[in-house]
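Architecture at a glance
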Amino acid sequence: MAKERLQCSLVPAGGATVDSSGSRRKMTSLRPFSCDDLFKFNNINLDPLTETYGIPFYLQYLAHWPEYFIVAEAPGGELMGYIMGKAEGSVAREEWHGHVTALSVAPEFRRLGLAAKLMEMLEEISERKGGFFVDLFVRVSNQVAVNMYKRLGYSVYRTVIEYYSASNGEPDEDAYDMRKALSRDTEKKSIIPLPHPVRPEDIE
């Protein structure tokens with residue numbers, strides 16, 4: 001069976017440019033990530049704020065949560081961005097949720113609304129799986145990303161102390177655990193902020 005591709009038109013933040021010939025623009029493809037893409041996404045992962053992992057880590061996600069691993073492909077075939085996530089948590093404790101492990105867009109394809117579209121797709125998958133919420137971790141210092149997630153409806157649920165390990169002798173960095181309630185959480189209990197920070201070992 002052929003892999004499903006979603007065709008979409010991405011409009012720059014400053015507005016769309018109209019071709020004088022009136023010709024229709026080629027569309028961006030949003031499709032499942034494949035093993036071959038591991039050899040083509042360096043232009044995305046070179047971003048210093050993108051968390052990168054070893055090949056086995058990506059393969060684990062492809063094997064266990066392929067529906068949560070989505071890539072955006074430009075008409076010319078270059079990769080524009082991707083999102084990688086999973087479903088986890090306890091249904092009995094109303095903690096079953098979708099988790100965003102990584103979201104990144106190559107610098108040359110930013111300000112097109114691509115990150116928002118990828119997040120929307122992951123949220124839709126989590127809705128279909130009966131999740132109560134979607135969550136993600138982001139560096140406290142990465143205010144551009146924090147503000148973007150807030151615009152998408154996410155709020156800070158808790159602060160995780162020294163979640164990100166530093167490799168250059170600098171102090172470890174705190175993270176925000178940000179959440180967005182899904183329709184199953186009718187009372188939005190999953191996003192009530194914790195009054196105190198936690199440590200990485202306290203996260204289930």
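Residues numbered from 1 in each chain as written. Predicted model: local features only at pLDDT ≥ 70, side-chain atom pairs only at ≥ 80, totals over all residues. Heavy atoms only, no water.

1. Observations regarding the nonpolar core
Inclusion rule: Buried Ala, Val, Leu, Ile, Met, Phe, Trp, Tyr and Cys residues that are joined via side-chain atoms within 4.5 Å together make up what is termed a nonpolar core. Exposure classes here rest on a 1.4 Å probe applied to the protein chains alone. A residue is buried below 20% of its type maximum, exposed above 50%, and partly exposed in between. Working definition: helices are DSSP H or I runs of at least four residues, strands are E runs of at least two. Numbering for both runs from the N terminus. The criterion used for residue contact is that any of the two residues' heavy atoms lie within 4.5 Å.
Core analysis: the largest hydrophobic core is formed by 45 residues, its most contacted members being Y82, L103 and Y149. At the level of elements, α2 (55–64), β3 (69–73), β4 (79–88), β5 (97–105), α3 (114–128), β6 (133–139) and α4 (143–151) are the ones that each hand at least two residues to this core. Broken down by element, the residue count for this core peaks at seven residues, all from α3. The residues touching Y149, leaving out its near neighbours within four places in the chain, are L103, M119, L136, V138, Y154 and M178. One finds F137, Y164, A175 and I203 within the second-largest nonpolar core, a separate group that totals six residues.

2. Some thoughts on the pattern of salt bridges
Stated formally: When a carboxyl oxygen of Asp or Glu lies within 4 Å of a side-chain nitrogen of Lys or Arg, that pair is called a salt bridge.
Under the criterion given, the structure shown has 13 salt bridges. We note a salt bridge from K117 to E120, for which the minimum N-O separation is 3.9 Å. Here E120 and K117 lie together in helix α3, a separation of three residues that amounts to about one turn. For K117, a relative accessible area of 24% translates into the label partly exposed. We note a salt bridge from R199 to E201, for which the minimum N-O separation is 3.5 Å. For R199, a relative accessible area of 33% puts it in the partly exposed group. What makes E201 exposed here is its relative accessible area of 58%.

3. Digging into the pairing of β5
Applicable threshold: At least two DSSP bridges between two strands are needed for those strands to be called paired.
Among the nine residues that make up β5, nine are buried, leaving the element largely enclosed by the rest of the structure. Examined bridge by bridge, β4 and β5 share eight bridges and lie antiparallel to one another. Paired with Y82 across the two strands is S104, which belongs to β5. Here four bridges tie β5 to β6, and the two strands are oriented parallel to one another. Within β6, the residue paired with H99 across the bridge is D135.

4. Considerations on the environment of E73
Relative to the helices and strands, E73 resides in strand β3. On the basis of relative accessible area, E73 is assigned to the buried category, the value being 12%.

5. Things to note about the packing of aromatic side chains
What counts, and what does not: Any two rings among Phe, Tyr and Trp, with Trp reduced to its six-membered ring, count as a pair given centres within 6.5 Å; such a pair is stacked if its planes are under 30 degrees apart, edge-to-face if over 60, and tilted if neither.
Per the stated rule, a full pass over the model turns up 15 aromatic pairs. Centroid distance F57 to Y61: 5.0 Å. Interplanar angle 40°. Geometry classified as tilted. Note that F57 and Y61 are positioned in helix α2 at a spacing of four residues, about one turn of the helix. The partly exposed category is assigned to F57, whose relative accessible area is 25%. Y61 gets classed as buried once you look at its relative accessible area, which sits at 3%.

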